[in-house]
Amino acid sequence: MSVDLNALKTPAPTITALTQPFWDAAAQGRLKIQHCEDCDKAVFYPRSICPHCWSTRLAWRDASGRGRLKSFSQVHKPGHPGWLPAAPYVVGLVELAEGPTMLSFILPGARPPHVGDALMLAPTAIGGRVLPAFKSVETATEEKPQ
Ligand SMILES: [Zn+2]
């Protein structure tokens, strides 16, 4: 994939009062998820009630940015034409170290993705906004400057 992801004409996220902290953090290259102050579990996607204990005491915290690839798909025919120049590309289900699973863009690595790959957060400018993409830890090591 040699396309400039930031030049893509992809649709913008729908930002609500509930999801605003997530998108504000994403724009700063961070990944924030909710944390339940009653049952101590992490929560994603953003909600007003904890899915584990029904508490409304959810606070935003920075996630570690570490995760594991639970499943993935190589997209050849995007659901929106704005993604066509980047196809084929990989989207994956990332099991965050904190517990929740999130769908994310997976950056190309030195080898094709495999279920179980260790991933790390790799904030990436896509379509004019920074989004919380992920890349394999092996890729991150190989891309370190000498
Ligand atoms: Zn809870």
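Per an unreviewed UniProt entry, the chain carries the name Zn-ribbon domain-containing OB-fold protein and comes from Mesorhizobium escarrei.

1. Here's the deal with the coordination of the zinc ion
For the zinc ion, the full set of protein donor atoms is Cys36 (SG), Cys39 (SG), Cys50 (SG) and Cys53 (SG), at a range of 2.3 Å. Of note is the zinc ion, whose four donor atoms meet at the metal with angles of 105 to 115° in an arrangement that counts as tetrahedral. One chain supplies every donor to the zinc ion, and in sequence these donors are spaced C-x2-C-x10-C-x2-C. Take Cys36: its relative accessible area is 0%, and that puts it in the buried class. Looking at Cys39, the relative accessible area reads 25%, which means it is partly exposed.

2. Some words on the environment of Glu95
Among the structural elements, Glu95 can be located in strand S5 (residues 89-96). Distance from Glu95 to Arg68, taken between C-alpha atoms, is 5.2 Å for residues 27 residues apart in sequence. Once you skip the residues sitting within four places of it in the chain, Glu95 turns out to touch Arg66, Gly67, Arg68, Lys70, Pro100 and Thr101.

Cut-offs used in this document
Residues numbered from 1 in each chain as written. Predicted model: local features only at pLDDT ≥ 70, side-chain atom pairs only at ≥ 80, totals over all residues. Heavy atoms only, no water. Donors = N, O, S within 2.8 Å, 3.2 Å for Na, K, Ca; no water. Tetrahedral: all angles 85-135°; square planar, octahedral: opposite > 155°, others 65-115°. Buried < 20%, exposed > 50% of the residue type's maximum accessible area, 1.4 Å probe, protein only. Helix = DSSP H or I, 4+ residues; strand = E, 2+ residues; numbered from the N terminus. Contact = heavy atoms within 4.5 Å.

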